[in-house]
Amino acid sequence: MHLTIISGAARPQSRSNTARIIEAFSEGIHAGGHTTEVWYLSDRRQWGQARSAFEKNENILFALPLYVENIPGLMLEFLEGLSPKEKPGTKMAFLIQGGFPEASQSRCCERFLKTLPQQLNCAHAGTLIRGNMFGVRLLGKKLGGRLVQPFTDMGRLFAEYGEFRPEIVSGFAGPEYLPEKQLRQMGGMGNYIQRWSMRIVARRLGCREKLDAKPYHEVSPVQRKQ
Ligand SMILES: Cc1cc2nc3c(=O)[nH]c(=O)nc-3n(C[C@H](O)[C@H](O)[C@H](O)COP(=O)(O)O)c2cc1C
């Protein structure tokens, strides 16, 4: 199999979690002697080649981060420029990864993506979902590497079956909703720890203001006098 992978991430390749996941996934594909080519939509200079790879090849995988429970606008713009394939036979698969742990976050996006292959005269080859990917780049090579390692197995299985099998995908997606007990633990002390770690993450991302700052908050004239 030769697989064309198109990353729908808006972040540049060097800073994108999707790119790191694609690397791990491709390792699994290559292990079986198969080949890949990857195009990054964050770099608009690659759009022409990505479009012709889509037209030419019969195995396509769109890998994308979840953005506000759906696909990034950048990827939507690219999809709008594609024309339906003249000949049937192309398989289109999708890999969605998001920051939140619950698989339910990605279900709306999954339903939308399912409508695309038919519009482009392709067959749907399944959707792989995985949450909890927020820290892939932030955690560094070793810990981030552990987060993406399971994608290598998924790549191997994808190459073997030529699609994402529903029984494999459902186990991989993780919890649909977090258990009540875990949600309760996130309150109280858990909440304090989360806020503390989010402050560290924000600082690493270049945030210099308080996380609960309200720069656009309107101050009433009465408050202003005080
Ligand atoms: C604008 C924006 C919206 C996001 N919306 C969601 C969301 O609805 N659900 C979710 O689980 N993660 C969401 N995330 C988190 C990203 O999906 C997650 O961090 C992902 O790993 C980023 O991949 P990238 O580095 O390739 O962009 C959002 C991130 C951004 C920047």
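Look up a bit, the structure's there.
Here is what the cut-offs are and how they apply
- Residues numbered from 1 in each chain as written.
- Predicted model: local features only at pLDDT ≥ 70, side-chain atom pairs only at ≥ 80, totals over all residues.
- Helix = DSSP H or I, 4+ residues; strand = E, 2+ residues; numbered from the N terminus.
- Buried ≥ 20, exposed ≤ 12 C-beta atoms within 10 Å, placed from the backbone.
- Contact = placed C-beta atoms within 7 Å.
- Near = placed C-beta within 6 Å.
- Nonpolar A, V, L, I, M, F, W, Y, C, P; charged D, E, K, R; others polar.
- Pairing = 2+ DSSP bridges.
- Axes fitted to C-alpha atoms, helices over the stretch in contact; angles between N-to-C directions.

### With respect to the overall build of the protein
- Within the protein, the regular secondary structure consists of 10 helices and 5 strands.
- Structurally, the protein occupies a C-alpha span of about 70 × 40 × 30 Å along its principal axes.
- In the protein, buried positions account for 30% of the 226 residues.
- A separation threshold of at least 6 residues defines the contact pool for the protein, and within that pool the share at least 24 residues apart is 79%.

### What about the site of the ligand?
- Around the ligand there are 18 residues in total, and Thr 18, Pro 65, Gly 98, Gly 99 and Phe 100 lie nearest to it.
- Grouping the constituent residues of the shell around the ligand by class yields 8 nonpolar, 8 polar and 2 charged.

### Here we look at the sheet that holds strand S4 (residues 91–97)
- Read across the open sheet, the 5 strands follow the order S2-S1-S3-S4-S5; overall the sheet is parallel. Edge positions in the open sheet fall to strand S2 (35–40) and strand S5 (123–130), since each of these has one partner strand only. Between one strand axis and the next, the sheet turns through 20 degrees on average, direction left out of account.
- Note that strand S1 (residues 2–7) and S2 share 6 bridges and pair parallel. Residue pairing for S2: Ser 7 is matched across the bridge by Tyr 40.

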